[in-house]
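# Architecture and fold: a report
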Amino acid sequence: MYLTRQEKHMLAGKEGPAVQKAMEIVTALGKIYGAADLVPVESVQVAGVSYKNLGEAGLLFLQEWAREGARVRVPTMLNPAGMDLEQWQTLGLPEEFARRQMEVLDAYARMGIEMTCTCTPYLIGKVPGLGSHLAWSESSAVAFANSILGARTNREGGPSALAAAICGRTARYGLHLTENRRATHIVRVACPVRTEVDFGVLGYEVGRRVGKGIPYFVADGAAWTAEGITAALHLRALAAAMAAAGAVALFHVQGMTPESELDDIVRPDAQELTIDSLDEGYARLSSPLERIDFVSIGCPHASLEELRDAARFLAGKRVRSLLWITTSRETRRRAEAAGWVQTIEHAGGHVVSDTCLVVAPVEALGVKTMATNSAKAAFYAPSHSGLQVRLGTLGECLDAAVRGCWPPRRRGAC
Ligand code: F3S
């Protein structure tokens, strides 16, 4: 693999042990994947932030790297942590967990990383341009950046993203190369796909069928409307669920995503796939629960528009279930300025920043059943948080929060 003079110095330890360790990780990956050289990255997004996932070994690893002098050299952001950094006590999260979580964040802060703690950095102004090289690691953000924004990033692991941030480079392989961005599957959608939940379930169905493949969605069905697919909420839901159920890091939508019209964007050996029903996906992800202990909105992290819609729905109402709407701190701040956070809190809900239901220790809150509008959350919540899940739209979930039960819109209480 070709290395510049400076890169050779970094690898030889001339810029210190922390840089050397980072360079060893980046070049080892490059050798494994046959990279010709390294490519400078414009930004990095690091996953592996929650103490729930890192544990003691992960914390010690980060602290040691920080002690060795690790410093990032490109703008670097964090994925959600295990708790809201300001409201963890109000939310009832354990003190010992909070102490360990703050130590994780302290190690990252010493490396010069921005405490964004969100999986949707593109909603708070961190919007990479077409063709820019990144090293992002949150799977839904990777799929969004590659597909909707046309940026270039592999699905980095936490340590490899951090190594890229410390070196300012990553190995040029995988989705950094044009030839690897061609579609492996042509997907025809032959059933109605209308709500954000439908798009999530569609993503789940496609993800589990194509695995690491690159789907090319053919927009020829009446169901696959321009109005629907251009809604950012739907695209995020689709991207997140495909990345969770499979390992989809890039997809194209005919006539809608930036690379979809490029010559030869579909490989000649691409397989055909038709999705003619979402029923099986709904059956796998959603259980016929009646009592709803917990309602979780905001996976991926909620946009300002979702907070506005939630506030409008909840105005003058009171929730019976625990309600979390998870979002970035910056989006929460903007929603607070508009008065929407206050409306949601007045109804008894929580607008939670910096974390989400999957990476926070929600099992410590004593909840057993959950309603959500996110197929990704429904996919992970049973295994990560021991929850049974019911899927529904934003309106249905909020209605369930108000009634404390499903089905929503039934007259009276449960
Ligand atoms: Fe984001 Fe957590 Fe969902 S990181 S995509 S809200 S599982």
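Model, not experiment: these values are computed from the prediction.

### Section: helix α4 (residues 95-110)
The terminal C-alpha atoms of α4 lie 23 Å apart, and with 16 residues this matches the ideal 22 Å at 1.5 Å per residue to within 8%. Among all positions of α4, only Phe97, Ala98, Arg100, Gln101, Val104, Leu105, Ala107 and Tyr108 are buried. On its buried face, α4 is in contact with β2 (43-46), α3 (51-67), β3 (76-78) and α6 (158-167). Immediately downstream of α4, the backbone of glycine 112 shows phi near 90 degrees, a positive value.

### Focus on the domain arrangement of the chain
Taken domain by domain, the chain comprises domain 1 (5-174), domain 2 (182-282) and domain 3 (286-403). Computed over C-alpha atoms only, the centres of domain 1 and domain 2 are separated by 28 Å. The interface is formed by 16 residues belonging to domain 1 together with 14 residues belonging to domain 2. Roughly 1100 Å² is buried in total at the junction of domain 1 and domain 2, and carbon and sulfur atoms are behind 67% of that figure. Together, Ser147, Ile148 and Arg155 form the three largest contributors to the area buried by domain 1 at its contact with domain 2, with a combined 42%. At the surface where domain 1 touches domain 2, the tally comes to zero salt bridges. Summed over the shared surface of domain 1 and domain 2, the number is three residue pairs in polar contact (both at pLDDT 80 or more). Residues of the side of domain 1 that touches domain 2, tallied by class, amount to eight nonpolar, six polar and two charged.

### A closer look at the environment of valine 104
With respect to the element layout, valine 104 can be found in helix α4. Owing to a relative accessible area of 0%, valine 104 belongs among the buried residues under this scheme. The spacing of valine 104 and valine 49 is 55 residues in sequence and 7.0 Å in space, taken between C-alpha atoms. Filtering out sequence-adjacent residues up to four positions away, valine 104 remains in contact with Val49, Tyr51, Leu54, Leu59 and Leu62.

Rules used throughout
Residues numbered from 1 in each chain as written. Predicted model: local features only at pLDDT ≥ 70, side-chain atom pairs only at ≥ 80, totals over all residues. Heavy atoms only, no water. Helix = DSSP H or I, 4+ residues; strand = E, 2+ residues; numbered from the N terminus. Expected span 1.5 Å × (residues − 1). Buried < 20%, exposed > 50% of the residue type's maximum accessible area, 1.4 Å probe, protein only. Contact = heavy atoms within 4.5 Å. Domains from an automatic or database assignment. Buried area = accessible area lost by both parts, 1.4 Å probe. Salt bridge = Lys/Arg side-chain N within 4 Å of Asp/Glu carboxyl O. Polar contact = N/O pair within 3.5 Å; in protein donor to acceptor, adjacent residues only side chain to side chain. Nonpolar A, V, L, I, M, F, W, Y, C, P; charged D, E, K, R; others polar.

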